[in-house]
Structures are given as C-alpha cells and as structure tokens.
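Spelled out from the first residue to the last, the chains are:
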Amino acid sequence: MAVSSSWFHQWNPPNHFPDPFFGNFTTGNKHKNEEKYGQISNLLPFFLQLGLLEPPAPPTERTGHFTTWYKWKMLDFVYPSDEDRIAAIASEDFIPENNLPLGLEVYQDRIFVTTPKWKPGVPATLSVIPKTRREVSPKLVPYPNWEYHRTDSCEGLTSVFRIHADSCGRLWVLDSGQIDVTIKPRQVCPVQIFLFDLKTDKLLLRYPLPDDFIKQDCLYSNIAIDIRDNDCLDVHAYLTDVWRYGLVVFSLKRMTSWRITDHLFYPEPLAAAYNVHGLEFEWVDGIFGMALSPYNKKVKDRVLYFHPMSSFREFFVKTSIICNETGWSDVKDAFKVMGQSRGKFGHASASGMDRNGIMFFNMVTRDAIGCWDSRKPYKRDNIGIIARSTKTLVFPNDLKIDLEKKQSVWVLSNRLPFFLYRELNKSDYNFRIMTAYAEDAIKDTVCDPHYHTHDTFRSFPDGEDCY
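Residues numbered from 1 in each chain as written. Predicted model: local features only at pLDDT ≥ 70, side-chain atom pairs only at ≥ 80, totals over all residues. Heavy atoms only, no water.

Tallying secondary structure elements over the protein gives seven helices and 31 strands in all. The buried share among the 467 residues of the protein stands at 58%. Long-range pairs, those at least 24 residues apart, make up 59% of the contacts in the protein between residues at least 6 apart in sequence. By element, 51% of the accessible surface of the protein is carried by carbon and sulfur atoms, the whole surface being about 20500 Å². (Helix = DSSP H or I, 4+ residues; strand = E, 2+ residues; numbered from the N terminus. Buried < 20%, exposed > 50% of the residue type's maximum accessible area, 1.4 Å probe, protein only. Contact = heavy atoms within 4.5 Å. Areas by Shrake-Rupley, 256 points an atom, 1.4 Å probe, with all protein chains shown as cover.)

This part is about the packing of aromatic side chains. As enumerated under the stated definition, the model contains 24 aromatic pairs in all. Between the aromatic rings of Y70 and W72, the centroid separation amounts to 5.9 Å while the plane-to-plane angle is 40°, which identifies the pairing as tilted. You can call W72 buried: its relative accessible area is 3%. One aromatic cluster is present, formed by F112, Y143, Y148, F194 and F196 through successive ring pairs. For R133, the ring lying beneath its charged end belongs to W69, and the centroid distance is 3.9 Å. (Phe/Tyr/Trp six-rings, centres within 6.5 Å; stacked < 30°, edge-to-face > 60°. Lys NZ or Arg CZ within 6 Å of the ring centre and 35° of its normal.)

The four strands are arranged 25-26-27-28 in an open sheet whose pairing can be described as antiparallel. The sheet is open, and its two borders are formed by strand 25 (351-353) and strand 28 (383-388), each paired with just one other strand. Taking each pair of neighbouring strands and ignoring which way they run, the sheet shows an average axis angle of 25°. Sheet analysis places strand 26 (residues 358-363) next to strand 27 (residues 368-373), joined by six bridges and oriented antiparallel. Bridge pairing in strand 27 places M363 opposite A368. (Pairing = 2+ DSSP bridges. Axes fitted to C-alpha atoms, helices over the stretch in contact; angles between N-to-C directions.)

We now examine the side chain of T115. Mapping T115 onto the fold places it in the loop between strand 6 (110-114) and strand 7 (126-130). Residue T115 is classed as buried on the basis of its relative accessible area, which comes to 0%. Here A124 takes part through its backbone oxygen, which lies 2.5 Å from a polar atom of the side chain of T115. (Polar contact = N/O pair within 3.5 Å; in protein donor to acceptor, adjacent residues only side chain to side chain.)

What follows deals with the state of the cysteines. Taken as a whole, this structure holds three disulfides when the rule is applied. Put simply, C168 and C232 are joined by a disulfide, and their sulfur atoms are 2.0 Å apart. One quick way to see it: the torsion about the S-S bond of C168 and C232 is about -95°, and its sign makes the bridge left-handed. With C168 in the loop between strand 9 (160-165) and strand 10 (170-175) and C232 in the loop between strand 15 (220-226) and strand 16 (236-241), this residue pair connects regions lying 64 residues apart in the sequence. Judged by its relative accessible area of 16%, C168 falls in the buried class. Across the disulfide, C371 is cross-linked to C447 (sulfur-sulfur distance 2.0 Å). (Disulfide = S-S within 2.5 Å.)

Turning to the pattern of salt bridges, a few remarks are in order. Summed over the entire model, instances satisfying the criterion amount to 21 salt bridges. Across the pair D76 and R85 runs a salt bridge, and its minimum N-O distance is 2.9 Å. Note on D76: relative accessible area 15%, which makes it buried. Accessibility expressed as a relative area gives 24% for R85, which makes it partly exposed. Between R162 and D398 there is a salt bridge; the shortest N-O distance is 3.3 Å. Residue R162 is found in strand 9, and its partner D398 is found in strand 29 (residues 396-401); the two are separated by 236 residues along the sequence. In terms of burial, R162 and D398 fall into one category: buried. One connected set of salt bridges, linked through shared partners, spans E61, K71, K391 and R432. (Salt bridge = Lys/Arg side-chain N within 4 Å of Asp/Glu carboxyl O.)

Turning to the sheet that holds strand 16, a few remarks are in order. Taking strand neighbours across the sheet as the criterion, the four strands line up as 15-16-17-18 in an open arrangement whose pairing is antiparallel. The open sheet terminates on both sides in strands that have one partner only, identified here as strand 15 and strand 18 (256-260). Neighbouring strand axes in the sheet, compared pairwise and without regard to direction, differ in orientation by 20° on average. Pairing of strand 15 with strand 16, which is carried by six bridges, proceeds in the antiparallel orientation. Across the sheet, residue I223 finds its bridge partner in strand 16, namely L239.

Attention shifts here to the side chain of S413. In this structure, S413 sits in strand 30 (residues 408-413). In this structure, S413 is in contact with T392, L393, V394, F395, P396, N397, N430, F431 and R432, ignoring residues within four places of it in sequence.

A few words on the nonpolar core. Core analysis: the largest hydrophobic core is formed by 41 residues, its most contacted members being W72, I111, W118, I129 and I433. Taken together, the elements giving at least two residues each to this core come down to strand 4 (66-72), strand 5 (103-107), strand 6, strand 19 (273-276), strand 20 (279-282), strand 30, helix 6 (416-421) and strand 31 (431-437). The residues contacting W118, other than those within four sequence positions of it, are L100, L102, F161, D180, V181, T182, L416, F419 and L420. (Core = buried A, V, L, I, M, F, W, Y, C linked by side-chain atoms within 4.5 Å.)

Between Y143 and the following residue, P144, the backbone shows a cis peptide bond with an omega angle of -5°. Structurally, P144 can be placed in the loop between strand 8 (141-142) and strand 9. Here M255, not a glycine, exhibits a phi torsion of approximately 55°, which is positive. Relative to the assigned elements, M255 resides in the loop between strand 17 (246-251) and strand 18. Its identity is not glycine, yet D444 carries a phi of approximately 65°, on the positive side.

For strand 26, a buried count of six out of six residues is recorded, marking the element as mostly surrounded by other parts of the structure. On strand 26, burial covers both faces: I358, F360 and N362 on one face and M359, F361 and M363 on the other are all buried. Pairing geometry for strand 25 and strand 26, over three bridges, is antiparallel. By the bridge assignment for strand 26, G352 is matched with F360. In sequence, strand 25 turns back onto strand 26 through a hairpin of four residues, with G357 there showing a positive phi of about 80°. Counting the residues between successive antiparallel strands, the hairpin from strand 26 to strand 27 contains four residues, one of them, D367, with a positive phi of roughly 50°.

Right under this line is the structure:
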C-alpha cells in the first residue's frame, strides 16, 4: 500500500545507528551496548570479506582524467553465509553470468548499483558498495537488506533500472516491475517509485504508477529529480518510458502523477541501427537520457534536456510547462529541438548537468564520454569528447554527477549489447565504474567555460545534418 504524503510532516529519524549490511544495532543500556559490540565482533569476517579493513586499493586504470574506481569480470553478492551462496547457485537463484550492472548513484560514502532482472538468476536488484576503494572487484551488498529482494510481493523490489539520490538525503528508486526482458518480458508488478531515507535506510514511500500509465510492452527506464531551494516536499520526479515513448511527472507534494506524450519522444529511424565493435543490432528506443539545468532563483524555472536513445539529437522543454498537470498540452511547441545533430553515431545514453551548466553524456557507439557547455550554441563544433577508450568505455551506460562541493562525474560501462546478444568473456573485465572531477575532465576542451574561439558555424551538405 502506498504511503500518504503525511509521512514528511510526521517522520522523525529513529534513535539508532543503521548498518547497511545486516540491519540496525539499537542504542541503550550497558548490557545492550555489550551485546552490540559482541555482534560487531562476530561480523568482522564479513567486513574483512568486503575489504572494509584493508588499506585503499591504488587506481587500476586511467582513461584521460577518468580513474577506474571499480571493475568486475562477473558480479558477486555478499550472502549471510557461504552456505546460503552455495544453495543459491545450486537452485539457480544466483547465476553469476546473468547479472549485469545497469545503473549507479553516489551519495556521501556509498555507491549504489542496480542489477535489473533481465535474465533468471539475479538475486538482488539494488545493492551498495563502499565509496572508499578497498579492493578492485567488491561483492555487492543488497540494499536496504536481503528481505526486500526475497519476497514475491510487489511491496519488495522487483527489477530496478535507474536511481537518483537527492540533496535531502533520500534515494529515489525506479522499479520497472518487469522481469525476463531479454527472454519474454513479463510485467509482474506495477511500475513503482520507492523512496528511502539514506540516514536510516528505511522506506519513506512506495508509489505505484496508475494502471493506465503502464502500456503494453512499456519499459520505464530512467528517473530525474527536480528539487529547488532545498524544499524537500515540493519535488517533482520525471520518469521516461523508453519503449512506449512517454514522460511521467510525479508530484511528491500532491502525491499524484500524469503522463505526457510528444512526437519528439520517438526514436529516429536513421538512428535505430547500432554497431558496437562489429556487433550490429537495431533498437527503436525512445526518450531516455535526461539532464536538468541548474536552478536559477531569479528565473524560478529549469530546463529539462532530453533525448531518445535511438537518436542523434537533443531536445528540451521548460519544467514549468510539464509540471502543469492540466495545462502542458495547451502550450504549442513546448518541446523543442536543440541546434544541430550530433552526427552519425551520435547515440547518447545517460546524461547529467553540473552546477556550472556543463552537460556530460555517454556516447555508446563511440566508446566515449561527451560534453557541452550550455552557454554555447548546441552544434558539433561545441560538443567535446573528454574520454575515449575501446577497452574501458565499451558501451558507457549510466552517468551521474555527485552532490559534493567539488563535483565528480561517475560513469558505468557494461558492454550491454554483448551481454544481450552474445556472451561476455568471463576472463576479461566487463563492468567498470569510473570517475573524474568535472572541472578537470573539461579543462582545455571546448566545454571549458574559459575556452574561447570565434564562431565557426559550418554548413553541412544536404542531408548530412539528418544524422
């Protein structure tokens, strides 16, 4: 059952210290404290297994300004015991080669990773690892605990794609409710928003989308959060339906949502063909990547930049328009095209914008991370490449910009097409989390606000700008 909006006014943090791995140790009298520390001693082997008591591991790879923070050949999970892990493998509840990291988020001292249930044998769909690097390939710890992943009820987590940590210390989780996407997609639960308090790791809200928003063969795949002036209640979440080409707006304050459609949410036919290292395939994926402009108190509005996955172009809309539940459809040409096309093989997956108005985005068919300074025209001459690698950036899938004072860009690459259509090489590193300071990544590039050049707007031969 969904939680009422009154949670925000009534909720107070409980008097306990959350343990992200095995629950909470309650404070109290001396006897309880002794019991607590006895429990901690018993868990020391697990902390050693996680690498939490080891010295930090040195950087393993560099790609431009980006450091490979973590990398995995195959994913593994921290089970309560070795016997539990062995039993899970024997029952095929855990099939290591069927687990793929798809989304990430970074908040304070933790990194969150999603593993949607695209194939059988995915034991947990949302996990956490330490931000402080102690080992190269840490095991994933189910978040907030194993119980959320061991229930057949839709009150637990089903198949999570993307997540977002906000400035109010909460984790927004978009649960697609859909499993076996690579075999025969099954919508076993409604699409839902879960909201967790990151101080206590307790659930604050579970909001299922209305039934009529869940179209046949839909796939909700991305989420962006719009917070202004540190108002933790008057918040809007934007959700994209990549397969049925819709944008859902959820109002936390009003506890309601509405679905928006526009022709710019659809894929481009010329961009539906992909080639990743010789692997050719076709996707007709619509609206996917989103980035919000910095909030300007004088303007009191923001711009939502977006693009379909199968597209070479960027689009935008004012958030004041889409946050009007009944009036958005009355605004003519509310959704607009941004400047030029990125050109052939200009596919972009996830994107994000830092506080300085620099957009970062993953270029999945170029093994690269791109950037654009929003103070400059959106044209090919102003789109920069800040990292490229045929080894570390094979299909960069998710991208996040953290909330630290000095912001960092975090990128997850996962070789997704090979996971879907071939097999991953178990002896090679297939998944990576990489990071760089935002200001370092763009230094001396066209995306650097201090980089100036005269306007060299180039015209293109007829038809070339269609790409």
